[in-house]
Amino acid sequence: MTKRRFAKRLAFATMMAALAAPAAWAQPAAPAPRSGKPINAGDVLSGELNTLRIRGGKKGRRIATYQITSEPRRLPPPGGLCGLETGPETFQIVASSEAQAQQLKAFVGKEVALKVDEFACAQDAGEMSEAIVTKWSVVTKH
């Protein structure tokens, strides 16, 4: 038992699909992603500073972890691109002392610029970013 207008609806749907298909095929291919500009020791990394709460250390205590979201940056060999086409965009900032953690706490949610002295690609499962900055210093205060 079909409805009377079934053939008309089927013909209309087929016609619309035929008209829409060439337009979808004519879409230009997406341009290849650009590699980020290189970052070396002593360069400035800037972006918005975020904080992440993770558990670690003794007895699973919460540890404040900081992260900068920036433009893609290429790392020098042997890390290279950290397995990405454009280079890492998120950098985990490791605070080696309580004073550094307090210094970063003032910039959470704001733009910050850090002079990067030592960095590496993320490799452990607990690392939340694509690259890790282990030695750094604040360049500007906003």
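Placed above this text is the structure.
Below is a summary of the structure that appears in this document. These numbers were taken from a predicted model, which means no experiment stands behind them. (Residues numbered from 1 in each chain as written. Predicted model: local features only at pLDDT ≥ 70, side-chain atom pairs only at ≥ 80, totals over all residues. Heavy atoms only, no water.)

## Quick look at the overall build of the protein chain
In terms of regular secondary structure, the protein chain is built from two helices and seven strands. When the helices and strands of the protein chain are placed in sequence order, the string is α-β-β-β-β-β-α-β-β. Burial analysis of the protein chain (142 residues in total) assigns 25% to the buried set. Sequence separation of at least 24 residues holds for 60% of the intrachain contacts in the protein chain that already meet a minimum separation of 6. For the protein chain, the exposed surface amounts to about 9,900 Å²; the carbon and sulfur share of it is 57%. (Helix = DSSP H or I, 4+ residues; strand = E, 2+ residues; numbered from the N terminus. Buried < 20%, exposed > 50% of the residue type's maximum accessible area, 1.4 Å probe, protein only. Contact = heavy atoms within 4.5 Å. Areas by Shrake-Rupley, 256 points an atom, 1.4 Å probe, with all protein chains shown as cover.)

## Some points on helix α2 (residues 98-105)
Think of an α-helix as 3.6 residues a turn; residues three or four steps apart then line up on the same face. Of all the positions in α2, only Q100, A101 and L104 are classed as buried. Along α2, the residues classed as buried sweep out an arc of 100 degrees about the axis, all on the same side. Across from the buried face of α2, at angles greater than 90 degrees, the exposed residues are E98 and A99. (Arc of directions from axis to C-beta.)

## Digging into a nonpolar patch on the surface
A cluster of nonpolar side chains, contributed by F12, M15 and M16, occupies part of the molecular surface with about 320 Å² of accessible area. For M15, the position within the fold is in helix α1 (residues 6-25). Using a relative accessible area of 47% as the deciding quantity, one classes M15 as partly exposed. (Patch = residues over 30% accessible without salt bridge, like charges linked within 9 Å, V, L, I, M, F, W, Y side chains within 5 Å. Salt bridge = Lys/Arg side-chain N within 4 Å of Asp/Glu carboxyl O.)

## Here we look at the pattern of salt bridges
Enumeration over the complete set of coordinates arrives at one salt bridge. Note that E118 is salt-bridged to K135, the shortest N-O span being 3.8 Å. Here E118 is found in strand β6 (residues 111-121), whereas its partner K135 is found in strand β7 (residues 131-140), with 17 residues between them in sequence. According to the relative accessible area criterion, E118 is partly exposed, its value standing at 37%.

## Focus on the side chain of Q100
If you trace the backbone, Q100 turns up in helix α2. Using a relative accessible area of 17% as the deciding quantity, one classes Q100 as buried. Residue contacts for Q100: discarding those within four places in its chain leaves V94, A95 and W136.

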